[in-house]
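A look at the structure
Listed below, chain by chain, are the residues.
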Amino acid sequence: MTRAVYPGSFDPVTLGHLDVITRGSRFFDEVIVGVLQNSAKSPLFSVEERVNMLREVTEGIDNIEIQSFDGLLIDFAKSVDAHIIVRGLRAVTDFEYELQLAQTNKAVYPDIDTLFLVTSVVYSYLSSSVVREIASYNGDISKFVPECVTEKLKEKFDK
Ligand code: PNS
C-alpha cells in the first residue's frame, strides 16, 4: 500500500492543485492532502473552509483524503504512515524553495522521499495568491479555480 501526502496551504485550492491531486491519485493507493493550519501567511480562508473546499472538489476521487495539520510536515507524514511527499513544480522559480524543503525533510526524516509532479503547462502561471488578488478586485477567476471556490471567493470579498 503506497500512501503519499500532498501538503500545502490551499488558500484557496486552484485548478493547478486539483490537477496535481488528480494525477497523483493515479500513482498511489492513497493520497492524503495535508492542509497547513497555522500558516505564517495569515490565510484568507480558515483551515475548516480550506478543508471543506478541498473535500467538495475531490468528491469524485476515491483514494483522496483531506486532513489538516499543524507543525512539521514530516511529523504529519509519520502520523499517517506516509513515506512520500508529493509537490507540484511549476517553473524554475519554484525549484530552489522546493529543493530546500525536500532536502531538509529528508535530512530530518530519512525515510521520506519527495516526488515532484510537473504542473500541466496550462496551470504553470497559476497560484493561490494571484487568484486571491484578482478576486479582491472583483476580476474573473472562473478559469483558475473550481466553481464552488469562485462562489466562496465572491462571498469573502463581497462582505
Ligand atoms: O502551498 P505552500 O504554502 O507552498 O506549502 C508549503 C508547505 C505547507 C508544504 C510548507 O510550508 C510546510 O511543509 N510547512 C510545515 C512546516 C514544515 O515542516 N516546514 C519544513 C521545514 S523546511
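Look above for the structure.
Residues numbered from 1 in each chain as written. Predicted model: local features only at pLDDT ≥ 70, side-chain atom pairs only at ≥ 80, totals over all residues. Heavy atoms only, no water.

A short note on the packing of aromatic side chains
The final tally for this structure, using the stated rule, is four aromatic pairs. Taken together, a centroid distance of 5.4 Å and an interplanar angle of 70° make the contact between Tyr-6 and Phe-10 edge-to-face. Residues Tyr-6 and Phe-10 agree in their burial class; the two are buried. Plain terms: the ring middles of Tyr-125 and Phe-144 are 6.0 Å apart, the flat faces sit at 75° to each other, and that makes the pair edge-to-face. With Tyr-125 in the loop between strand E5 (113–118) and helix H5 (128–136) and Phe-144 in the loop between H5 and helix H6 (147–158), this pair connects stretches of sequence that are 19 residues apart. Just above the ring of Tyr-109 sits the side chain of Lys-78; from NZ or CZ to the centre is 4.7 Å. (Phe/Tyr/Trp six-rings, centres within 6.5 Å; stacked < 30°, edge-to-face > 60°. Buried < 20%, exposed > 50% of the residue type's maximum accessible area, 1.4 Å probe, protein only. Helix = DSSP H or I, 4+ residues; strand = E, 2+ residues; numbered from the N terminus. Lys NZ or Arg CZ within 6 Å of the ring centre and 35° of its normal.)

Remarks on the nonpolar core
Tyr-6, Val-33, Leu-54, Val-86 and Val-149 are the most contacted members of the largest nonpolar core, which totals 34 residues. If you list the elements that add at least two residues to this core, you get strand E1 (3–8), helix H1 (15–24), strand E2 (30–36), helix H2 (47–57), strand E3 (64–69), strand E4 (84–89), H5 and H6. No other element matches H2, which puts five residues into this core. If we skip the residues at most four places from it in the chain, Val-33 touches Tyr-6, Phe-10, Ile-21, Leu-54, Ile-64, Glu-65, Ile-66 and Gln-67. Core analysis: the second largest hydrophobic core is formed by twelve residues, Ile-32, Phe-76, Ala-82 and Ile-85 among them. (Core = buried A, V, L, I, M, F, W, Y, C linked by side-chain atoms within 4.5 Å. Contact = heavy atoms within 4.5 Å.)

Nothing here speaks to function; it is geometry throughout.
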